[in-house]
Amino acid sequence: MKAETKTETKSSFQFKFNQEVILLLVLIGVIIFFSIMSPTFLTGGNLINIIRQVALLGIIAAGMTMVLLIGGIDLSVASNVAFTSVVMGMLITAGIPPWIAIIVGIIAGVFVGAVNGLIVTRVGIPALITTLGMLTMLRGTTFVITGGYPVFGFPESIRFFGNGYLLGIPVPAIIMVAVFVGVYILLYKTYIGRHIYALGGNLEATRLSGINTKKVQMLVYMLSGFFCSIAGLILLGRLNSGQPNALQGFELEVVTAVVLGGVSIFGGQGKLIGVVLGVFILGVLANGLVILNINEFYQMVISGAVLLVAVGIDRIYNRKKD
Amino acid sequence: MVNPIIKVTDVTKEYPGTIALSGVNMEIYPGEVHTLAGENGAGKSTLMKILAGAISPTIGSIEVNGEKLTEFSPRTSSEKGIGIIYQEFNLVPHLTVEENIMLGKEKRKGLFVRKQLNTQITKDVLEKMNIKKSTSTYVKDLGVADQQLVEIAKAISQDVNVLIMDEPTAALTSDEVESLFKLMRSLKENGVAIIYISHKFEEIFEISDKVTVLRDGNYIATKPIEELDYEKLVKLMVGRELTMSSRARTKKEETILIAENLFSKGKVANISFDLKKGEVLGVAGLLGSGRTELAKVLYGLYPITSGTISVKGKTYSKIDSPEHALKIGIGLIPEDRKKEGVVLGLDCEVNTNLGATKKNSRGLFLDLKKEKSISKEYKDKLSIKYYDGQLAGQLSGGNQQKVVIAKALATDADILIFDEPTRGVDIGAKQEIYNLMNELLREGKSIIMISSEMGEILNLSDRIAVMKEGELAGILPFDKATQENIFSLSSGISKDLEGKT
């Protein structure tokens, strides 16, 4: 199996970038389509709008990316967002200073992730089942503690996280960018990221390499919970209320974005940049279809179809390489 | 002169960046056992896959019974009477023996399976092969050897003219190999041509009529077996002559590891031994005698229930994890490199650094420069062949094994446990691994080597620990190390050899 090293390096280089290129082309295609169909789509105001709208999806997807990379899944994310946002809201209305309420909410979100992680690593229940249980349990808990009613009556400062601007950029968008940058650094610049990819690729070999795989798994589920609580804070600010039934079913949209971005549901493979593109494709679609006044049922049909087409193109392309 | 049943003409198979086969010619005649020999990565499997229709050649043609194949698919090959038994099992564990054997060719009436007819066919095949298993046993409940036999039964349950067997004996005991050979001979008498792939030389010489040798994707030669002997065949395969080096053994004084009355519940019991600096302690014993378990206890994978391990003067009553084991200087090169050794989807540089990633990081952050120099160092030292960014999954077995060894070395462990270091590795790479072990000893490392290969154990070990039923049956010094002594200890036939040194 000897051949010229140069050509080999080149071909593997091209291969690595192909999936992202496909996604980028899809995104550009969607943007061009909407720009032709509607004069209001490609305006500065609307673009900023899109970034604000995708922020929740993006932040949660960043955590989900790591969970899928270790070969897990976290279906409890949407419930966790609603839960933490309600926890923060209730504490604030009870008269606790907002910053303490926010910290407690974040701790609650991380705690939920830790419980997920503990069950997966110590009890050995598959992540799909563990987090499915957590999804239902947590949503139930949220309804129980609120009695099913929304929580409201917050100071103006809370709205800042959902609707505020810094230097003309929506705060949720800034938070999303910070989260993506943070996760990027973690995944590609630190040894933890290396361990995440390794254990998703081969748990046993990674463990035998002297890596504490349970610790890495715990950390990833806790980070997912952490990002949920950040999303919870943004949601609280945007709605100016804590809604116990917020984001029901949203976990599937998050998984859609991550898988669309090329992350393998079997773990070990996929890039964060792909996920960013996946998030934006879904965001642009949702925004554009609303502008074109297409009803939301069609939006669902189209989002699903885009997932299958984008992943399908990649599969067909890769099969040809085999 | 009989016409060939398969004629391979100038077949080349290119993958992006590599040429797996280059201009290979081969003729297979009815009623012969034709062995395909070559090192890992020589192109044997690629050629087999082409014949089985799993992949198509880039250039060249295949004729079956004088007819040129125009389409390559498993279905076409199977219709032409070519059956294949892959090295890895293609059985569905949750189906029965019968369901597996008849899979895809069930006798049926409309939508419905004709159960009795299927059972009858299956029974006939099993009987012909002399397998005494019920057709309704689930495959998952069978041992590896029986699964192998079911795989063969599946292949011959339809009319085959050519049967391709890719290392069919890897999981079989010698008795089972004998009955497999008997079966092969009777197939041969019925005019079936068998293409046989094996790394085991004794088997090649016992069963083959002809041998075709491939090297680096090139056709080297086809010879009748009478014209070959061990040396000649090796030379054809490797392209140079190999000498099995015997080590110079010197007396070692400094003790680096002492195990005292080690127990691990359900795994090993009452293990006491010591390891000197710069020596190879071979660990022999039958399958299931507790060799791998002992390695896993030392490496922190199984808990120590009682007893102690002392390393470099410090005594430990437990080793919690591989992390802990590495910290105190014990490294493991595990038995199953694909499952336990490398991450197939990551590149070789990353794999090499995996065990030491954290240690070599600056705080949380990777030190890519340092990692690069480490992977370069071991790539050169072990002469591992890979290009920048090549995935570990794309390497041949020998190169993969070297990456696993590089990974253990990169952690700076002083005591290295090799569990079956050369399993599934071709003869050239084997020699390189032996040379490397010698070099490690010169550098002051110490080695515990578990192996089922008698030659390896006898040639490399300073002393040989023999395991039996989870306990140490005895430790043989070099001058008493013979195959007979090892055998009598491991089978418990003789007790008078229990001289511990």
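Everything that follows concerns the structure shown earlier in this document.
Residues numbered from 1 in each chain as written. Chains lettered and ligands numbered in written order. Predicted model: local features only at pLDDT ≥ 70, side-chain atom pairs only at ≥ 80, totals over all residues. Heavy atoms only, no water.

*Asks:* An account of the side chain of Ser241 of chain A is requested, with residue identities and associated values reported.
*Replies:* Within the fold, Ser241 of chain A resides in strand S4 (residues 241-242). The exposure class of Ser241 of chain A is buried, given its relative accessible area of 6%. (Helix = DSSP H or I, 4+ residues; strand = E, 2+ residues; numbered from the N terminus. Buried < 20%, exposed > 50% of the residue type's maximum accessible area, 1.4 Å probe, protein only.)

*Asks:* Tell me about the packing of aromatic side chains, and please be specific about residues and values.
*Replies:* All chains considered together, the criterion is met by eight aromatic pairs over all chains. Consider the rings of Phe33 of chain A and Phe34 of chain A, whose centres lie 5.3 Å apart with planes at 70°: the pair is edge-to-face. According to the relative accessible area criterion, Phe34 of chain A is buried, its value standing at 2%. Plain terms: the ring middles of Phe181 of chain B and Tyr196 of chain B are 6.3 Å apart, the flat faces sit at 70° to each other, and that makes the pair edge-to-face. With Phe181 of chain B in helix H6 (residues 174-189) and Tyr196 of chain B in strand S10 (residues 193-197), this pair connects stretches of sequence that are 15 residues apart. For Tyr196 of chain B, a relative accessible area of 0% gives the class buried. An aromatic cluster of three or more residues is present, and its members are Phe33, Phe34 and Phe41 of chain A. Lys13 of chain B extends its terminal NZ or CZ atom over the ring of Tyr15 of chain B, reaching a point 5.3 Å from the ring centre. Between Lys267 of chain B and the ring centre of Tyr302 of chain B, over which it is positioned, the NZ or CZ distance is 4.5 Å. (Phe/Tyr/Trp six-rings, centres within 6.5 Å; stacked < 30°, edge-to-face > 60°. Lys NZ or Arg CZ within 6 Å of the ring centre and 35° of its normal.)

*Asks:* Tell me what's going on with the sheet that holds strand S22 (residues 471-477) of chain B, and back it up with residues and numbers.
*Replies:* All names here are of chain B. Taken together, six strands build an open sheet; the order of strands is S18-S19-S20-S15-S21-S22 and the sheet is mixed. Two strands in the sheet have a free side with no partner beyond their single neighbour: strand S18 (330-333) and S22. Recorded for the sheet is a direction-independent mean angle of 20° between the axes of neighbouring strands. Pairing of strand S15 (residues 280-285) with strand S20 (residues 446-450) involves four bridges; the strand directions are parallel. Within S20, the residue paired with Gly282 across the bridge is Met449. Its contacts with the sheet put helix H9 (residues 291-298) on S15, S18, strand S19 (415-419), S20 and strand S21 (463-468), and the angle it makes with S20 is roughly 145°. (Pairing = 2+ DSSP bridges. Axes fitted to C-alpha atoms, helices over the stretch in contact; angles between N-to-C directions. Contact = heavy atoms within 4.5 Å.)

*Asks:* Which residues make up helix H10 (residues 213-239) of chain A, and what values do they have?
*Replies:* Residues and elements named next belong to chain A. Compared with an ideal rise of 1.5 Å per residue, which puts 27 residues at 39 Å, H10 spans 39 Å between its outermost C-alpha atoms and is within 8% of the ideal. For H10, a buried count of 20 out of 27 residues is recorded, marking the element as mostly surrounded by other parts of the structure. Of the residues one or two after H10, Asn240 is the one with positive phi, at around 55°. (Expected span 1.5 Å × (residues − 1).)

*Asks:* Run through the packing of helix H8 (residues 191-201) of chain A against H10 of chain A, naming residues and quoting values.
*Replies:* Residues and elements named next belong to chain A. Running from N to C, H8 and H10 point in directions that differ by 105°, and their axes come no closer than 10 Å. With respect to H10, the element H8 is oriented roughly perpendicular. Contacts from Ile192, His195, Ile196 and Leu199 of H8 reach H10 at Thr213, Val216, Gln217, Leu219 and Val220. Considered class by class, the residues forming the contact of H8 with H10 number six nonpolar, three polar and no charged. (Parallel < 35°, antiparallel > 145°, perpendicular 65-115°, else oblique. Nonpolar A, V, L, I, M, F, W, Y, C, P; charged D, E, K, R; others polar.)

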